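Each chain, letter by letter, is given below.
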Amino acid sequence: MLKVGLLGAGRIGNVHAKAISAHPGSELVAVSDVAAENAEKLAADYGIAVKSSDAIIADPTVDAVLIATSTDTHSPLIEAATAAGKAVLCEKPVDLSLERAQACLAAVEPTGRPVMIGFNRRFDPPSFGALKAAAQGGAKSARRSCSR
Ligand SMILES: NC(=O)c1ccc[n+]([C@@H]2O[C@H](COP(=O)([O-])OP(=O)(O)OC[C@H]3O[C@@H](n4cnc5c(N)ncnc54)[C@H](O)[C@@H]3O)[C@@H](O)[C@H]2O)c1
């Protein structure tokens, strides 16, 4: 059973809490949020503890952390969690700065810990591909009509 700590109890944090709790191989064990009311509501919904992000990351009984906090906190939390030996699923994007995201990757690699970025479209049916094909089809039609 993978014990998961959730950082961030906002909109997407609540989606992840439901998924972690529903999966037979994972257990949601604690939640943090700088907005105490968000953490307390989610904790009450799932019967789990409210802790600080630092406490969750430092807890040796926590196997993995799911980072669903505001974007500007992702890089430092990924770095802290992997340095503490946790597996990480972090919401997209890694950072608002490409350079900072690259620095985060450089910090994570030596830890050898698995880090995945939650980019839901990667697993969607090919909606973007269909859109691109339709747009290209439209562009060809547009070119055809222009050439007439
Ligand atoms: N993959 C997707 O499709 C998808 C969808 C929605 C959001 N997101 C990403 O998820 C992240 C959160 O989005 P959201 O819509 O849930 O925002 P939100 O504002 O609803 O929730 C963010 C929560 O994080 C908390 N928070 C902020 N800083 C914190 C910190 N240092 N420690 C603990 N908690 C902290 C806030 O108080 C808030 O409750 C964003 O980075 C966003 O880009 C991804």
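Residues numbered from 1 in each chain as written. Predicted model: local features only at pLDDT ≥ 70, side-chain atom pairs only at ≥ 80, totals over all residues. Heavy atoms only, no water.

1. Topic: the sheet that holds strand S3 (residues 49-50)
So, step 1. One open sheet accounts for six strands, arranged S3-S2-S1-S4-S5-S6; its pairing is parallel. If you trace the sheet from one side to the other, it starts and ends with S3 and strand S6 (115-118), each paired once.
So, step 2. The pairing of strand S1 (residues 2-7) with strand S4 (residues 64-67) spans four bridges and is parallel. Paired with Val4 across the strands is Ala64, a residue of S4.
So, step 3. Sheet strands in contact with helix H1 (residues 11-22) are S1, strand S2 (26-32), S4 and strand S5 (87-91), and its direction is about 150° off that of S2.
So, step 4. Set on the sheet, helix H2 (residues 36-46) makes contact with S1, S2 and S3; between it and S2 the angle comes to about 155°. (Pairing = 2+ DSSP bridges. Helix = DSSP H or I, 4+ residues; strand = E, 2+ residues; numbered from the N terminus. Contact = heavy atoms within 4.5 Å. Axes fitted to C-alpha atoms, helices over the stretch in contact; angles between N-to-C directions.)

2. Points about the packing of helix H4 (residues 74-83) against helix H5 (residues 98-108)
So, step 1. Their axes nearest at 9 Å, the elements H4 and H5 cross at an angle of 0°. It follows that H4 is roughly parallel to H5 by the angle criterion. For the pair H4 and H5, contact is made by Ser75, Pro76, Ile78, Glu79 and Thr82 and by Arg100, Ala103, Cys104, Ala107 and Val108, respectively.
So, step 2. A class-by-class count of the residues in the contact of H4 with H5 yields six nonpolar, two polar and two charged. (Parallel < 35°, antiparallel > 145°, perpendicular 65-115°, else oblique. Nonpolar A, V, L, I, M, F, W, Y, C, P; charged D, E, K, R; others polar.)

3. Quick look at the site of the ligand
So, step 1. Near the ligand, the surroundings consist of 20 residues, among which Ile12, Asp33, Asn38, Thr71 and Glu91 are the closest.
So, step 2. Interatomic distance of 2.9 Å between a backbone N/O atom of Arg11 and an oxygen atom of the ligand.
So, step 3. Take Gly118: an N or O atom from its main chain is 2.9 Å from a nitrogen atom of the ligand.
So, step 4. Calculation on the ligand without its partners gives an accessible area of 850 Å², and the protein chains cover 77% of this total.
So, step 5. Looking at the shell around the ligand residue by residue, the class counts come to five nonpolar, 11 polar and four charged. (Near = heavy atom within 4 Å. Polar contact = N/O pair within 3.5 Å; in protein donor to acceptor, adjacent residues only side chain to side chain. Areas by Shrake-Rupley, 256 points an atom, 1.4 Å probe, with all protein chains shown as cover.)

4. Some remarks on unusual backbone geometry
So, step 1. A cis amide bond links Lys92 with the next residue in sequence, Pro93, at an omega value of -10°.
So, step 2. Note on placement: Pro93 falls in the loop between S5 and H5.

5. Here we look at the pairing of S5
So, step 1. Among the five residues of S5, four are classified as buried, and the element is accordingly described as predominantly covered.
So, step 2. In terms of strand pairing, S4 meets S5 through four bridges, oriented parallel. Pairing of Val65 across the sheet is with Val88, part of S5.
So, step 3. For the segment spanning S4, H4 and S5, crossover handedness is right-handed.
So, step 4. Sheet topology places S5 next to S6; four bridges connect them, and they run parallel. Counterpart to Val88 in the pairing with S6 is Val115.
So, step 5. Where the polypeptide runs from S5 across H5 and back to S6, its parallel neighbour, the crossover connection is right-handed. (Buried < 20%, exposed > 50% of the residue type's maximum accessible area, 1.4 Å probe, protein only. Right-handed = clockwise from strand over helix to strand, strands pointing away.)

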